[in-house]
Number of protein chains: 2
Amino acid sequence: MADPLRTIEIDDPADPRLADYRDLRDVELRKHLESEHGLFLAEGEKVVRRALEAGHRARSFLMAPRWLDGLRDVVEPSGAPCYVLPEPLIEEVTGFHVHRGALASLHRRPLPPVEDVLEGARSVLVLEDLVDHTNVGAVFRSGAALGFDAVLLAPRCADPLYRRSVKVGMGAVFTTPWTRVPDWYDALPDLSHRGFTTVALTLSPDSVPIEDAVAGVDRLALVLGSEGHGLSARWESAADRRAIIPMRAGIDSLNVAAATAVACYAAARR
Amino acid sequence: MADPLRTIEIDDPADPRLADYRDLRDVELRKHLESEHGLFLAEGEKVVRRALEAGHRARSFLMAPRWLDGLRDVVEPSGAPCYVLPEPLIEEVTGFHVHRGALASLHRRPLPPVEDVLEGARSVLVLEDLVDHTNVGAVFRSGAALGFDAVLLAPRCADPLYRRSVKVGMGAVFTTPWTRVPDWYDALPDLSHRGFTTVALTLSPDSVPIEDAVAGVDRLALVLGSEGHGLSARWESAADRRAIIPMRAGIDSLNVAAATAVACYAAARR
């Protein structure tokens, strides 16, 4: 009986069919490769499964033999080729040890318009220039867990479909509607016009505790700035309200992922 | 005039005086090396400074020339040798690109007894078997920012003085009193005897929302389990109370660092 899977055993790590999976640690190379070919990668059985269940089409799969059975039910109907390599060769292709053994290369879809993403949303996260993929993934995950319905990204925010974002976010980027705002300058006033109260997390003289800032707000847009510099002056002043998380005085502060989780928690209880 | 700094220029990355700084990415090797020699590393100007200000004695420093001036005021009085290498050679020694250019090797001190760490503390974090250094660092940082006074670690919890923990924690491990509990089995009953209410974050059938669990508690010990399996059955049942962070039903959950931040925030407002 023929194998119903399109499995293709490969023993040469230089095989051109593996181009989608090259040098996963080389962030700059990956950025070009992924945007030019309209692809992104999912890593690990759970995340690969979520990407497919969310309707992303697979270009191909890459895995060690032992991962095949666990993913057969999603790989098979996808119709995409499944390249099977021994683990040491996968490491040679990707440039690192793939812990969870399975990778998928998937087609990017055109980003939806802002109005589609906001349709029916009551709680929205708005990220200005988060540059760290780990933080972007963590923000998506916390937002999804704590009841946020959508995410908007400023034009320079890091890519939520980058492998590391997807992995840290445990696939929340597939289940949470998101897009980029086309107009950085007027992004927040535009949200206000659409009926959202924009609350910026920032250390401004008129910032109030987050719990007070979100109290009584129906449609909420929680606005977060970059890891290093925080929000731009434009976004800070354009927000309807400014909020802080009360912290102990001194040298300590929360990192952006922790601050986001706390702010989402406070917002979820408004 | 003689240089008041004990700077020693080195041009051979194999120089034995650099032994403390070898192969920083090799976790297993580093664990042995650091415990056997009683040392730990601090990375980056801010963190090096905090380690010294917290009273840790330096064994030596390693930095590129351009970092020397910024740290002169703490390096000089330390009396420890300061090895100066061009950045590419530092990379050869350590095995990675040291972003913030300055490293210090410091003496570990004997861990204090539990009673010293708990002295005067009102809010304590208790970590069972967190195995990830990044998470341990993040927990220290969130705890410090949100008003926790001390941290206790189970015997198998990852080392908070490991370079990665120290870095992610932004040096909170230097300012927050911490130690290991000597007796895993009776760690939580022992805290109860000392007058703490132990609240375990866990998905147990009798878990209540974190806010309710900490309400009215004076001396609080917030208990966190490992990233993968959560708390052991022993610790889960030995805690005075069990608590959850209310989340949206479905596939999404918070990671341990985000959950800790939320729980600390809720606890800080009790």
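Fair warning: this is a prediction, and the values are worked out from it, not measured in the lab.

Side note on the interface of chain A and chain B
Moving on, step 1. Listed as interface residues are 29 residues of chain A and, on the opposing side, 29 residues of chain B.
Moving on, step 2. At the boundary of chain A with chain B, the tally comes to 4 salt bridges.
Moving on, step 3. The partner of Asp 149 of chain A in a salt bridge is Arg 248 of chain B, and the shortest N-O contact between them spans 3.4 Å.
Moving on, step 4. Elements supplying a minimum of two residues to the side of chain A that touches chain B: helix H6 (133-145), helix H8 (172-175), helix H10 (210-214) and helix H12 (256-268) of chain A.

Points about a negative patch on the surface
Residues and elements named next belong to chain A.
Moving on, step 1. A grouping of Glu 9, Asp 11, Asp 12, Glu 91 and Glu 92 is seen on the molecular surface, where their side chains present a negatively charged patch.
Moving on, step 2. Note that Glu 92 resides in helix H4 (residues 87-94).
Moving on, step 3. On the basis of relative accessible area, Glu 92 is assigned to the exposed category, the value being 56%.

A look at the sheet that holds strand E2 (residues 39-43) of chain B
All names here are of chain B.
Moving on, step 1. Read from one edge to the other, the open sheet built from 5 strands follows the order E1-E4-E3-E5-E2, with strand pairing classed as mixed. Of all the strands in the sheet, just strand E1 (7-9) and E2 have a single pairing partner and so form its edges. In this sheet, neighbouring strand axes are inclined to one another by 20° on average, regardless of whether the strands run parallel or antiparallel.
Moving on, step 2. In terms of strand pairing, E2 meets strand E5 (residues 102-107) through 5 bridges, oriented antiparallel. Residue Leu 39 lies in a different strand from E5, and its bridge partner there is His 107.
Moving on, step 3. Here helix H1 (residues 27-37) sits on the sheet and contacts E2 and strand E3 (58-63); the angle it forms with E2, its principal contact strand, is near 115°.

Some remarks on the relation of the copies chain A and chain B
Put simply, the second copy of the chain is the first one after a rotation about an axis and a shift along it.
Moving on, step 1. Under the fitted operation, chain A is carried onto chain B by 0.0 Å of movement along the axis and a turn of 180°, and the coordinates agree to an RMSD of 0.0 Å. Look at the turn and shift together and you get a two-fold axis relating the two.
Moving on, step 2. Most of the interface of chain A is mirrored in chain B, where 100% of its interface residues are also at the interface.

Here we look at the environment of Leu 130 of chain B
All names here are of chain B.
Moving on, step 1. Take Leu 130: it is sitting in the loop between strand E6 (123-127) and helix H6 (133-145).
Moving on, step 2. In this structure Leu 130 comes out as buried when scored by relative accessible area, which is 0%.
Moving on, step 3. Residues Leu 130 and Pro 209, spaced 79 residues apart in sequence, show a C-alpha to C-alpha distance of 22 Å.
Moving on, step 4. Residue contacts for Leu 130: discarding those within four places in its chain leaves Asn 135, Val 136, Val 139, Arg 156, Cys 157, Ala 158, Leu 224, Gly 225, Ser 226 and Glu 227.

Some details on the packing of aromatic side chains
Moving on, step 1. In total, this model carries 7 aromatic pairs over all chains according to the counting rule given.
Moving on, step 2. Ring geometry for Phe 40 of chain A against Phe 174 of chain A: centres 5.9 Å apart, planes inclined by 40°, an arrangement best described as tilted. You can see Phe 40 of chain A sitting in strand E2 (residues 39-43) and its partner Phe 174 of chain A sitting in helix H8, a full 134 residues away along the chain.
Moving on, step 3. What makes Phe 174 of chain A buried here is its relative accessible area of 9%.
Moving on, step 4. On the basis of an interplanar angle of 85° and a centroid distance of 6.3 Å, the ring pair of Tyr 265 of chain A and Tyr 265 of chain B is categorised as edge-to-face. In this pair, Tyr 265 of chain A sits in helix H12 while Tyr 265 of chain B sits in helix H12 (residues 256-268), so the two residues belong to two different chains.
Moving on, step 5. The residue whose ring lies beneath Arg 234 of chain A is Tyr 185 of chain A, and the NZ or CZ to ring-centre distance is 3.7 Å.

Looking at unusual backbone geometry
Moving on, step 1. Phi at Met 170 of chain A takes a positive value of approximately 50°, unusual for a residue other than glycine.
Moving on, step 2. Inspection of the secondary structure assignment puts Met 170 of chain A in the loop between helix H7 (163-168) and H8.
Moving on, step 3. With a relative accessible area of 25%, Met 170 of chain A lands in the partly exposed category.
Moving on, step 4. With a phi close to 50°, Asp 23 of chain B is a non-glycine residue in the positive phi region.

Quick word on the packing of H6 of chain B against H12 of chain B
Residue and element names in this part refer to chain B.
Moving on, step 1. Close contact between H6 and H12 brings their axes to 9 Å; oriented N to C, the two are set at 15°. Considered as vectors, H6 and H12 are oriented roughly parallel to each other. Both H6 and H12 take part in a crossing whose hand is right-handed. Here Asn 135, Ala 138, Val 139, Ser 142 and Gly 143 of H6 lie close against H12, whose contacting residues are Val 256, Ala 257, Thr 260, Ala 261 and Cys 264.
Moving on, step 2. Its residues assigned to classes, the contact of H6 with H12 shows 6 nonpolar, 4 polar and no charged.

Considerations on the domain arrangement of chain A
All names here are of chain A.
Moving on, step 1. When the domains of chain A are assigned, the result is domain 1 (7-107) and domain 2 (114-268).
Moving on, step 2. Computed from C-alpha atoms alone, the centre-to-centre distance between domain 1 and domain 2 is 31 Å.
Moving on, step 3. Each partner contributes to the interface: domain 1 provides 16 residues, whereas domain 2 provides 9 residues.
Moving on, step 4. Taking both partners together, domain 1 and domain 2 bury about 1300 Å²; carbon and sulfur atoms supply 64% of that area.
Moving on, step 5. The closest approach of N and O atoms between Lys 167 and Glu 43, which form a salt bridge, is 3.3 Å.
Moving on, step 6. Put simply, domain 1 and domain 2 have 4 residue pairs in polar contact (both at pLDDT 80 or more) between them.
Moving on, step 7. Elements with a contribution of two residues or more to the side of domain 1 that touches domain 2: helix H1 (27-37), E2 and helix H2 (45-53).

Here's the deal with the sheet that holds strand E1 (residues 7-9) of chain A
Residue and element names in this part refer to chain A.
Moving on, step 1. Ordered by their spatial adjacency, 5 strands build an open sheet running E1-E4-E3-E5-E2, and the pairing between neighbours is mixed. The sheet terminates laterally at E1 and E2, the two strands that pair on one side only. Sheet twist, expressed as the average angle between the axes of neighbouring strands with direction ignored, equals 20°.
Moving on, step 2. Where strand E3 (residues 58-63) lies against strand E5 (residues 102-107), 5 bridges are found, and the strand directions are antiparallel. The residue bridging Ser 60 from the neighbouring strand is Ser 105, located in E5.

Some thoughts on the pattern of salt bridges
All names here are of chain A.
Moving on, step 1. Taken as a whole, this structure holds 40 salt bridges over all chains when the rule is applied.
Moving on, step 2. Across the pair Asp 69 and Arg 72 runs a salt bridge, and its minimum N-O distance is 3.3 Å. A residue pair is termed a helical-turn pair when its members lie 3 or 4 positions apart in one helix, as Asp 69 and Arg 72 do in helix H3 (residues 68-78) at 3 residues.
Moving on, step 3. A relative accessible area of 58% places Asp 69 in the exposed class.
Moving on, step 4. Take Arg 72: its relative accessible area is 29%, and that puts it in the partly exposed class.

The rules behind each value
Residues numbered from 1 in each chain as written. Chains lettered and ligands numbered in written order. Predicted model: local features only at pLDDT ≥ 70, side-chain atom pairs only at ≥ 80, totals over all residues. Heavy atoms only, no water. Contact = heavy atoms within 4.5 Å. Salt bridge = Lys/Arg side-chain N within 4 Å of Asp/Glu carboxyl O. Helix = DSSP H or I, 4+ residues; strand = E, 2+ residues; numbered from the N terminus. Patch = residues over 30% accessible without salt bridge, like charges linked within 9 Å, V, L, I, M, F, W, Y side chains within 5 Å. Areas by Shrake-Rupley, 256 points an atom, 1.4 Å probe, with all protein chains shown as cover. Lys, Arg positive; Asp, Glu negative; His and termini not counted. Charge placed at Lys NZ, Arg CZ, Asp CG, Glu CD. Buried < 20%, exposed > 50% of the residue type's maximum accessible area, 1.4 Å probe, protein only. Pairing = 2+ DSSP bridges. Axes fitted to C-alpha atoms, helices over the stretch in contact; angles between N-to-C directions. Least-squares fit on C-alpha atoms with pLDDT ≥ 70 in both. Phe/Tyr/Trp six-rings, centres within 6.5 Å; stacked < 30°, edge-to-face > 60°. Lys NZ or Arg CZ within 6 Å of the ring centre and 35° of its normal. Parallel < 35°, antiparallel > 145°, perpendicular 65-115°, else oblique. Left-handed = near helix turned anticlockwise from the far one by under 90°. Nonpolar A, V, L, I, M, F, W, Y, C, P; charged D, E, K, R; others polar. Domains from an automatic or database assignment. Buried area = accessible area lost by both parts, 1.4 Å probe. Polar contact = N/O pair within 3.5 Å; in protein donor to acceptor, adjacent residues only side chain to side chain.

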